[in-house]
Every structure is written in structure tokens, then in C-alpha cells.
Amino acid sequence: MILITGTSGQLGSYLVENIPNSVGLDIRSSPYTKIRGDIRGDIEELLENYEIDAIIHAAAQVSVVKSVEEPKLDADVNIMGTLNLLEYARKHDVEHFIYISSAAVYGEPKYLPLDEKHPTKPKSPYGLSKLTGERYSLLYGELYGIKVASIRPFNIFSPRQDPNNPYSGVISIFVSRAKRGLPLIIYGDGTQTRDFVSVYDVVQLVKLVLEKKATGVYNCGTGKETSIRELAELIGKLSSKNVEIIYQKPREGDIKRSYADISRAKVLGFTPHTDLKRDLKNFFF
Ligand code: UD2
């Protein structure tokens, strides 16, 4: 049986839906969550009726903004929660541990595209907590012979990201505001870029890593960058409303440009199918 954590979240929900013989664990209830519980709690008790061969750890505090506001909560969930699961994996001889990391571990790029060898110097508590969780995971791999892989997704989008959550990603916020005819707020001048990757491509890479029992670190993106201004204009057009774009001061902890070198993932057979314009249209309009 494969344990997937974070199944009330965007990525976890798609993973449990698309990976056979898997079971979802989350602190919040959702149609994709079978086991309700906290990753910081008593995992032994939560999993007493299960024989777990692999863990895909997607549960996390995912917001950069929230991590700046509540760094202790962010560290508790992302670091201590991960360590708690790793302890379970060690004690129960779990064979494969797949950690869902983040492109936020790189910080401000020294060169682009970002490959996995790029130095890690996070700019936010979130980036640091995700990096620390990743390091613990890789260390447990070395110390206890667990096969450990870490996937670093860039900016994931899907129809399941909750637009009502103030900490949601830019695409769901822009889509929800555009549909209501509200102005789109850009933090900074809008020239910052991101590598927006459909959740289906992230599922594709996680499945490849799982099937091949792969280890090590893998970027997950499309290799293409889109500026936030371009994104706002695109969503404005798709909504066929006359959407205004307004500019406010940049966010704390925000990085300027980001897009992935996906050569390592390609070796596993990964081929991204994301087409931003087409997918935005299909997912939201
Ligand atoms: C996202 C993920 C994070 C991480 C990272 C990896 C979310 C909530 N966060 O962080 O988990 O994996 O990607 O690359 O999905 N922006 C605006 N207006 C808005 C909202 C956002 O201008 O109303 C800007 C924001 O300042 C930033 C960009 O859009 O420059 C993307 O922001 P985000 O919150 O969607 O994602 P990010 O890159 O901080």
C-alpha cells in the first residue's frame, strides 16, 4: 500500500486519484482522504491497519506569505511533520519515500534555467522549511537505506486550488477575481516570472519516480517562463470581461525569475504536456 499525505490539498488529491493501491492521509477531511490525522501526531496509531511500502509526502504548509507571517507554524508542519513520517518509515522499513519539495528551495536564481545543482539559498521561511524537510529525507535515505527521492515542483496549477483561500496561488486568485470582474492585483511590476506546471504533469513525474523506484532530486516544471503581467493579461482575455490590472508593492520573500531545467526528469521519461493558454481555458473557462 502507498501512503499519500496531504490529500485535501491540490497535488495530494490528484495523486490519490491517479495512483492505484494508495491511501490518503490528511488533517482535513476531503473526498480523497481516508485517514484523518496530523502528520505531527501518532503515525503508528493512524496506520495500525496498514502495511505501507512507499510514502509520497505531499502534506505541507504551502504558502510563502503565510510562512512569513507564521514561521513557527510553517517550520512545525514542514520540518517536524516530515521528520515524524521519516521516523515511521525507518521503524517500519518503508522501501521508498518520495518527498514533495519545492522550487522555492533555490531562492533568487544565480543562473537560469534552474537545475538541481543550483545552490539552495531560500528567500522565505517556506523555502527554508521545505529545504530542511528535503535534507532530512535525503539523510534518512543515506543513514537507513530507504530509497529517497525529492521532487521540486515549480508553480503547480489545477482547478482544485481553493480560490477562497487568501494564501492560494496566483492563477486561482486571478481566475476567481477575473470571473467576478474584479481588478487583478500584481505585486511588484509584473516582470517576475514563474514556470507554471499543470498538476497532471506533476502526477506524471511522481508516477515515474514511483514506478522506477528512483532516488535523488528532480525538478518538475515545463522549462518555460511566463511573467505575472502576461498571466494577468491572458486571464483577463479568457474571462472576456474588461478586467483592470493594478500594481502594488512587491511581496516579502518573493523571487524575481524562476523556471526549470528538467533534463533529469526527462531521463526518467518525463514529457510535460502543459500548455498554459489551453489548460487555463479548459480548467477554468
Ligand atoms: C508557489 C507555491 C509554493 C512553491 C512555489 C515554487 C502556492 C500558494 N505557492 O509560490 O508552494 O511551491 O510556487 O515555485 O501555490 N502574485 C501577484 N498577485 C496575486 C498573487 C500572486 O502578483 O494576487 C505574484 C506573487 O507576488 C509572485 C507570483 O505571483 O511573484 C506567484 O505567486 P504565488 O503565490 O502563486 O506562488 P509562489 O511562486 O510564491
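Residues numbered from 1 in each chain as written. Predicted model: local features only at pLDDT ≥ 70, side-chain atom pairs only at ≥ 80, totals over all residues. Heavy atoms only, no water.

## Some thoughts on the overall build of the chain
Next, step 1: Helices and strands together make up the secondary structure of the chain, namely 10 helices and 13 strands.
Next, step 2: In terms of C-alpha radius of gyration, the chain reaches 18 Å, essentially the compact-globule figure of 19 Å for 285 residues.
Next, step 3: Along the first, second and third principal axes, the C-alpha set of the chain runs to 55 × 40 × 35 Å.
Next, step 4: In the chain, the proportion of contacts linking residues at least 24 apart, taken out of those at least 6 apart, comes to 74%.
Next, step 5: About 13,200 Å² of surface is accessible on the chain, with carbon and sulfur atoms providing 49% of the total. (Helix = DSSP H or I, 4+ residues; strand = E, 2+ residues; numbered from the N terminus. Rg over C-alpha atoms; globule rule 2.2 N^0.38 Å. Contact = heavy atoms within 4.5 Å. Areas by Shrake-Rupley, 256 points an atom, 1.4 Å probe, with all protein chains shown as cover.)

## Notes on the site of the ligand
Next, step 1: Near the ligand, the surroundings consist of 24 residues, among which Val-62, Val-170, Ile-185, Arg-194 and Asp-254 are the closest.
Next, step 2: A distance of 2.7 Å separates a nitrogen atom of the ligand from a polar backbone atom of Ile-185.
Next, step 3: Within the side chain of Arg-194, a nitrogen or oxygen atom sits 2.7 Å from an oxygen atom of the ligand.
Next, step 4: Among the secondary structure elements, those contributing two or more residues to the shell around the ligand are helix H6 (170-179) and strand S8 (184-187).
Next, step 5: For the shell around the ligand, the per-class residue count stands at 15 nonpolar, six polar and three charged. (Near = heavy atom within 4 Å. Polar contact = N/O pair within 3.5 Å; in protein donor to acceptor, adjacent residues only side chain to side chain. Nonpolar A, V, L, I, M, F, W, Y, C, P; charged D, E, K, R; others polar.)

## Some points on the pairing of strand S2 (residues 22-26)
Next, step 1: S2 sits mainly inside the fold: five of its five residues count as buried.
Next, step 2: Neither face of S2 is open: one carries Ser-22, Gly-24 and Asp-26, the other Val-23 and Leu-25, and all of them are buried.
Next, step 3: In this sheet, S2 lies alongside strand S1 (residues 2-5) in parallel orientation, the contact comprising four bridges. If you follow Thr-5 over to S2, its bridge partner there is Leu-25.
Next, step 4: In the classification by handedness, the crossover that spans S1, the intervening helix H1 (residues 10-18) and the parallel S2 is right-handed. (Buried < 20%, exposed > 50% of the residue type's maximum accessible area, 1.4 Å probe, protein only. Pairing = 2+ DSSP bridges. Right-handed = clockwise from strand over helix to strand, strands pointing away.)

## Topic: the side chain of Asp-279
Next, step 1: Looking at the element boundaries, Asp-279 is found in helix H10 (residues 276-284).
Next, step 2: A polar contact of 3.0 Å, which involves the side chain of Asp-279, links it to the side chain of Arg-278.
Next, step 3: For Asp-279, the contacting residues outside a window of four places in its chain are Phe-157, Ser-198, His-273 and Thr-274.

## Topic: the sheet that holds strand S5 (residues 96-100)
Next, step 1: One open sheet accounts for seven strands, arranged S3-S2-S1-S4-S5-S6-S11; its pairing is parallel. Each having just a single partner strand, strand S3 (35-36) and strand S11 (216-220) make up the two edges of the open sheet.
Next, step 2: Alignment of S5 against strand S6 (residues 147-153), held across five bridges, turns out to be parallel. Note on S6: the bridge partner recorded for Tyr-99 is Ser-150.

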